[in-house]
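Listed below are the residues making up each chain.
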Amino acid sequence: MYRVFLVGLAGASLAGCALNSSVISSGFADSPTTASISSPSSGSYGLGSSSASSAGSRKSGGVKVARLDDKMPSGSYETAPAGALSDRDYSTTQLNVDMARDIINQYRKDNGLKPLKLSAELTAAAKAHSRDLAKWDRISHYGSDGSNPWDRVKRTGYKARLAAENVGTGQVTFDEVMKGWKNSPGHNKNLLLPDAENMGLALVYEPKTEFKSFWTLVVGSKM
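Residues numbered from 1 in each chain as written. Predicted model: local features only at pLDDT ≥ 70, side-chain atom pairs only at ≥ 80, totals over all residues. Heavy atoms only, no water.

Some thoughts on the overall build of the protein
Consideration 1: In terms of helices and strands, the protein carries five helices and seven strands.
Consideration 2: N-terminal to C-terminal, the α/β element order of the protein is β-β-β-α-β-α-α-β-α-α-β-β.
Consideration 3: Pairs at least 24 residues apart make up 66% of the contacts formed inside the protein by residues separated by at least 6 positions.
Consideration 4: For the protein, the exposed area adds up to about 9,600 Å²; of that, 51% sits on carbon and sulfur atoms. (Helix = DSSP H or I, 4+ residues; strand = E, 2+ residues; numbered from the N terminus. Contact = heavy atoms within 4.5 Å. Areas by Shrake-Rupley, 256 points an atom, 1.4 Å probe, with all protein chains shown as cover.)

Digging into the confidence of the model for the protein
Consideration 1: For the protein, the mean per-residue pLDDT works out to 76, and 70% of the residues sit at or above 70.
Consideration 2: In the model, residues 5-64 has pLDDT below 50 throughout and makes 201 contacts with residues more than four positions away in sequence or in other chains. (pLDDT = per-residue confidence, 0-100.)

Describing the packing of helix H1 (residues 97-110) against helix H4 (residues 174-183)
Consideration 1: At a minimum axis separation of 11 Å, H1 and H4 run at an interaxial angle of 30 degrees. In terms of their interaxial angle, H1 and H4 are classed as roughly parallel. Crossing hand, H1 versus H4: right-handed. Facing H1, whose interface residues are Ala100, Ile103, Ile104 and Tyr107, H4 presents Phe174, Asp175, Met178 and Lys182.
Consideration 2: Taken together, the residues of the contact of H1 with H4 sort by class into six nonpolar, no polar and two charged. (Axes fitted to C-alpha atoms, helices over the stretch in contact; angles between N-to-C directions. Parallel < 35°, antiparallel > 145°, perpendicular 65-115°, else oblique. Left-handed = near helix turned anticlockwise from the far one by under 90°. Nonpolar A, V, L, I, M, F, W, Y, C, P; charged D, E, K, R; others polar.)

Remarks on the packing of aromatic side chains
Consideration 1: The tally for this structure, following the rule as stated, stands at four aromatic pairs.
Consideration 2: Consider the rings of Tyr90 and Tyr205, whose centres lie 6.0 Å apart with planes at 20 degrees: the pair is stacked. With Tyr90 in the loop between strand S3 (34-35) and H1 and Tyr205 in strand S6 (residues 198-205), the pair connects residues that are 115 residues apart, well separated along the chain.
Consideration 3: Judged by relative accessible area, which is 6%, Tyr90 ranks as buried.
Consideration 4: Taking the centre distance of 6.4 Å and the plane angle of 75 degrees together, the rings of Phe174 and Trp181 count as edge-to-face. Each member of the pair Phe174 and Trp181 is classed as buried. (Phe/Tyr/Trp six-rings, centres within 6.5 Å; stacked < 30°, edge-to-face > 60°. Buried < 20%, exposed > 50% of the residue type's maximum accessible area, 1.4 Å probe, protein only.)

So, H1
Consideration 1: The first and last C-alpha atoms of H1 sit 20 Å apart over 14 residues, in line with the 20 Å expected at 1.5 Å per residue.
Consideration 2: Restricting attention to buried positions, one finds in H1 the residues Ala100, Ile104, Asn105, Tyr107 and Arg108. End-on view of H1: buried residues confined to an arc of 155 degrees, all on one side of the axis. Relative to its buried face, H1 has exposed residues pointing more than 90 degrees away, namely Met99, Lys109 and Asp110.
Consideration 3: On its buried face, H1 is in contact with H4, helix H5 (185-191), S6 and strand S7 (213-222).
Consideration 4: Between the side-chain oxygen at the start of H1 and the backbone nitrogen of Asp98 there is a gap of 3.3 Å, and the oxygen is on Asn96.
Consideration 5: Two residues or fewer after H1 comes Gly112, characterised by a positive phi angle close to 75 degrees. (Expected span 1.5 Å × (residues − 1). Arc of directions from axis to C-beta. Polar contact = N/O pair within 3.5 Å; in protein donor to acceptor, adjacent residues only side chain to side chain.)

Concerning the environment of Thr93
Consideration 1: Mapped onto the elements of the fold, Thr93 is located in the loop between S3 and H1.
Consideration 2: Linking Thr93 and Phe174, residues 81 residues apart in sequence, is a C-alpha distance of 8.5 Å.
Consideration 3: The contacts of Thr93, once residues within four sequence positions are left out, are Val172, Leu203, Ser213 and Trp215.
Consideration 4: Of note is the side chain of Thr93, whose polar atom sits 3.0 Å from the backbone oxygen of Val172.

Right, here's the structure in full:
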């Protein structure tokens, strides 16, 4: 049971998401887009959504009371059932950013698109979100401070005219999360944004959590 979330942003935009594959496409007013991919264990998991927010159900089994510093919109995230990923081996889980960039750029090249350059600002946005998701052990495009992906990109000083975010949890390797993104139409759209110029990528591995790994990709282009 691993999950990938995606956000596409053009201007201050946010719309739709799904579990295992969640999509937020451009525009708060856009109609929602949803997708799902199979988990490595039995079955697949899907989560619908509405525009302007990520909609979903909590699957952790118990009633959770949010801490006072948690400003994430109610129902906008997913948690993992206890022990859902306990049978997976994360001893080799790591991120080689240069290698991951090359994998993404080869995929873009195969589709006739220009390569992306690593951006310190977008990397900072990706790291901040992965750390936040790991802290709360959940998957979402919202941060615990209520921020959406566009907010986080702006905070880094990156003056974006376009930005998009893919998120994944539970994957052991970048190849695994990349496969999930490629097989999900919304995530794939973000990987292949023609006007994107930069990218940032982050992984936080936290073995004490249920999700274990928290991956965030942010792509964008400046004004």
